[in-house]
Structure formats: structure tokens, C-alpha cells
Amino acid sequence: MEVGQMRRQWLDYTRSLFLEGFLDAQFMQLQQLQDDNNPDFVVEVVSLFFEDSERLLKDLTFALDQNAVDFKKVDAHVHQLKGSSSSIGAQRVKNACIPFRNFCEEQNTDACLRCLQQVKQEYCLVKNKLETLFRLEQQIVAAGGSIPMVELTQLSF
């Protein structure tokens, strides 16, 4: 596949991530911080998000599996996950954390468990989507191309 075609595929895929609500404008801002001096910035930041999120999801699973659930601890973990999701633009993960925090406040274990499953699902989806995006970027660079800098207006929903 030639570079121009790969770049178009990358742009279409990126557009779909925004249209489907996986990513928001914060992700675009993250991409704008990447430059020739730090070409792997986005991948590195997102990789840290993946590591942190997997630890938090494991901690949440453990905390909600206790006989006496510490809802303050659960809420602190959800708050941290919501913040880190927001910082990279993982919109659907962030949005799934909102009702989760409300149910922590209500100390509703069953609802928190349902929310945990929803957050895990959204996290897995966005992780797979971003890994695919990064693979497309690697293919473009390996073929001698460069990743296009995209503004939100270029995504034209």
C-alpha cells in the first residue's frame, strides 16, 4: 500500500474514533505536543494511561469484591481513572466513570459492579482502537511517510 493511501486510511480511522465518541479534543491537544524532538510522545503518554488504568481496574475489582466495600476508596480509584481518561481524551471511559462515582456516593454495590463492567468494556475498546491507530502510524513511518497533523476542523463530522 502506498503512503498516500495509508495516510488516508489513518485519517478515516482517526475520524471514526471521534465520530464514535472514543476520543475527544483532548487527544488532539496531546497530539499537538508531539514533535520531532519527541516523536513517541503520544504513544508514551497513552502507554502510561494503559498501565495506570489496568492497575486501577484491578484495584477496583478487588475493592468491590470485599464483604465490606470501602466506597471512599472505590470513589478515589474511579476519580483517578476519570481524570487520567480525560487527560488523554478517552471520552467514553471518562463518561462511564460519571455514574460510577454517583453510585459510590449512594454506596450501591450492585450498581457499582455494573459500572465497573461498563468501564472495563469501554477501556478495552479504546485500548484496542488506539493500538490499531498506533500500528497504522508505524506502517506509515516505516513506508517513509509522516503522520499528518490534524485539526478538529479537518475531521469534519
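Just above, that's the structure.
No experiment lies behind these values; they were computed from the predicted model shown. (Residues numbered from 1 in each chain as written. Predicted model: local features only at pLDDT ≥ 70, side-chain atom pairs only at ≥ 80, totals over all residues. Heavy atoms only, no water.)

## Observations regarding the overall build of the protein
To keep things clear, this is the line we draw: Strands here are runs of E lasting at least two residues and helices are runs of H or I lasting at least four, both read from the DSSP assignment and numbered beginning at the N terminus. Relative accessibility thresholds used throughout: buried, under 20% of the residue-type maximum; exposed, over 50%; partly exposed, between the two (1.4 Å probe, protein chains only). Here the Shrake-Rupley method, with its probe set to 1.4 Å, supplies the accessible areas, and only the displayed protein chains count as covering residues. Positive charges come from Lys and Arg alone, negative charges from Asp and Glu alone, with His and the N- and C-terminal ends not counted. A charged residue contributes its charge at one atom only: NZ of Lys, CZ of Arg, CG of Asp or CD of Glu.
The helix and strand tally for the protein stands at six helices and zero strands. Reading the protein from its N terminus to its C terminus gives the helix and strand order α-α-α-α-α-α. Across its three principal axes, the protein shows a C-alpha extent of roughly 55 × 30 × 25 Å. The buried share among the 157 residues of the protein stands at 38%. Surface exposure of the protein reaches about 8,800 Å², of which carbon and sulfur atoms provide 49%. One way to put it: in the protein the 16 positive side-chain charges average out to a point 4 Å from where the 22 negative ones average out.

## A closer look at the environment of Q26
Formally: Contacts are residue-level and defined by heavy atoms, with any inter-residue pair within 4.5 Å sufficient. Polar contacts, as counted here, are pairs of nitrogen or oxygen atoms within 3.5 Å of one another; within protein the pair requires one atom able to donate a hydrogen and one able to accept it, and residues that are adjacent in sequence qualify only if both atoms are side-chain atoms.
As for its placement among the helices and strands, Q26 is situated in helix 2 (residues 25-32). According to the relative accessible area criterion, Q26 is partly exposed, its value standing at 29%. Taking the C-alpha atoms as reference points, Q26 and S16, separated by 10 residues in sequence, lie 16 Å from one another. Those residues within four positions of Q26 in sequence are excluded, and the remaining contacts are S86, S87, I88 and G89. One polar contact links the side chain of Q26 to the main-chain carbonyl oxygen of S87, over a distance of 3.4 Å.

## Looking at the pattern of salt bridges
For the record, the criterion: Salt bridges are defined by distance alone: a side-chain nitrogen of Lys or Arg within 4 Å of a carboxyl oxygen of Asp or Glu.
Across all of its chains, the model carries 10 salt bridges by this definition. Where D24 meets K94, a salt bridge forms, and the shortest distance between an N and an O atom there is 3.8 Å. One end of the pair, D24, is in the loop between helix 1 (3-19) and helix 2; the other, K94, is in helix 5 (residues 91-106), with 70 residues separating them in the sequence. The same class applies to D24 as to K94, namely buried. One salt bridge connects K127 with E54, and the closest N-O pair in it is separated by 2.8 Å. Note that K127 is positioned in helix 6 (residues 109-142) and E54 in helix 3 (residues 41-64), a separation of 73 residues in sequence. Salt bridges here are not isolated pairs; linked through shared partners, they connect D52, R55 and D59.

Any link to function would need more than the numbers given here.
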